[in-house]
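# Survey of secondary and tertiary structure
Residues per chain are reported as follows:
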Amino acid sequence: QVQLVESGGGLVQAGVSLRLSCAASGRTFGSYTMGWFRQAPGKEREFVAAITWSGGATYYADSVKGRFTISRDNAKNTVYLQMNSLKPEDTAVYYCAADDRGPVYYSYSSYSKVSLYDYWGQGTQVTVSS
């Protein structure tokens, strides 16, 4: 069983930065594929970013590419989402997700699928005002 706890959300103005953190339980965090998703009111959960178990590859939604950066610190069992140049359309609840079947490399398209991930955090609200 993997438990995920997100933190770092808040209410900010457009253009500023936030860093989200996700602390994971489990002795084999270094083998987990990790992802960030978000869900705005009335919309489906959507992919934001993912990172392979090794940290050697990262994947991003087109809407955040160049502004957001996903990273991980396996010594701290933590994955981060650095969000720069925030826009009002980034407003959503952000969820951390984990796949613990690793260490596995998946096809490119797999990382953005909700179905890949078995464990989810409770979410942290990010609100960006204009």
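Quantities reported herein were computed from a predicted structural model and do not represent experimental measurements. (Residues numbered from 1 in each chain as written. Predicted model: local features only at pLDDT ≥ 70, side-chain atom pairs only at ≥ 80, totals over all residues. Heavy atoms only, no water.)

Attention now goes to the sheet that holds strand β8 (residues 78–83). With antiparallel pairing, the four strands of this open sheet are ordered in space as β1-β3-β8-β7. Each of the sheet's edge strands pairs with one partner strand only, and the pair in question is β1 (4–7) and β7 (68–73). Taken over all neighbouring pairs, the strand axes of this sheet differ in orientation by 15° on average, direction set aside. Where β1 and strand β3 (residues 18–24) come together, four bridges link them in antiparallel fashion. Looking across to β3, one finds that V5 is bridged to A23. (Pairing = 2+ DSSP bridges. Helix = DSSP H or I, 4+ residues; strand = E, 2+ residues; numbered from the N terminus. Axes fitted to C-alpha atoms, helices over the stretch in contact; angles between N-to-C directions.)

Looking now at the nonpolar core. L4, M34, W36, L81, M83 and Y94 are the most contacted members of the largest nonpolar core, which has 39 residues in total. Secondary-structure elements contributing two or more residues to this core are β3, β4 (33–39), β5 (46–51), β6 (58–60), β7, β8, β9 (92–99) and β11 (124–129). Leaving out residues up to four positions away in the same chain, M83 has contacts with V16, S17, L18, L20, R67, F68, Y94 and V126. (Core = buried A, V, L, I, M, F, W, Y, C linked by side-chain atoms within 4.5 Å. Buried < 20%, exposed > 50% of the residue type's maximum accessible area, 1.4 Å probe, protein only. Contact = heavy atoms within 4.5 Å.)

One pass over the full model with this rule turns up one disulfide. Bridging C22 to C96, the disulfide has an S-S length of 2.1 Å. Linking C22 and C96, the disulfide has an S-S dihedral of approximately -80° and is accordingly described as left-handed. Of this pair, C22 sits in strand β3 while C96 sits in strand β9, and the two are 74 residues apart along the sequence. Exposure remark for C22: the relative accessible area of 0% places this residue in the buried category. Of the residues examined, C96 reaches a relative accessible area of 0% and is grouped as buried. (Disulfide = S-S within 2.5 Å.)

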